[in-house]
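Per-entry structural report
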Amino acid sequence: MKQKVVIRVTSNGKKNVRSKAMQIVVGVQGVESVAIEGEENSQIVLVGDNIDSVNLTSLLRKKIGFAELASVSPISGSGSEEPKQSDSGIQAMVWQTYQPGVSYYYTYEVPDNHHDSCIIM
């Protein structure tokens, strides 16, 4: 699910806080775009897929200082995951992927070699 996350970052007189915050945000998995907006360029707006906003905010607090999660909102996407039907009415097929590592077991019968009498004697 695509979502838009707004995080408020305060520099408190330190230099390059915004650029350091941008580097941290871009490195997070799922982030597609990042922008700096708001008054005094204190808000980082990021758009992505399945972003863990609480984890990202706590990471920014550890690395930078003050970071506040302002809003999280879903983005309505125009692309749907369901296969669409074409004009002729034929639906696209989805093939399942091969799972490597599936073990195959071979069975065979062992003949019974146990005799009551001893062969050596």
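Here, every reference points to the structure presented above.
On a predicted model such as this, the values are computed, not experimentally measured, just so you know.

**A short note on the nonpolar core**
In terms of nonpolar packing, the biggest core is built from 16 residues, with I7, V25, L46, L56, L60 and I64 touching the most fellow members. Of all the secondary structure elements, the ones that give two or more residues to this core are β1 (2–9), α1 (17–26), β3 (43–49) and α2 (53–63). A total of 4 residues in this core trace back to one element, the largest contributor, which is α1. Contacts of L60, omitting those with residues within four sequence positions, involve I7, A21, I24, V25, G65 and A67.

**Comments concerning empty space enclosed by the protein**
Applying the stated criterion across every chain yields a total of 1 cavity of 30 Å³ or more. Volume-wise, the largest cavity comes out at about 30 Å³. For the largest cavity, the full set of lining residues is V9, R18, A21, I36, N41, S42, Q43 and I44. Looking at the lining of the largest cavity, the elements that each hand over two or more residues are α1 and β3. In terms of residue class, the lining of the largest cavity is made up of 4 nonpolar, 3 polar and 1 charged.

How each quantity is defined
- Residues numbered from 1 in each chain as written.
- Predicted model: local features only at pLDDT ≥ 70, side-chain atom pairs only at ≥ 80, totals over all residues.
- Heavy atoms only, no water.
- Core = buried A, V, L, I, M, F, W, Y, C linked by side-chain atoms within 4.5 Å.
- Buried < 20%, exposed > 50% of the residue type's maximum accessible area, 1.4 Å probe, protein only.
- Helix = DSSP H or I, 4+ residues; strand = E, 2+ residues; numbered from the N terminus.
- Contact = heavy atoms within 4.5 Å.
- 1 Å grid on protein atoms, 1.4 Å probe; cavity = no way out; pocket = protein on both sides within 12 Å on 5 of 7 lines; lining within 4 Å.
- Points joined across faces, edges and corners; volume = space filled by probe spheres on them.
- Nonpolar A, V, L, I, M, F, W, Y, C, P; charged D, E, K, R; others polar.

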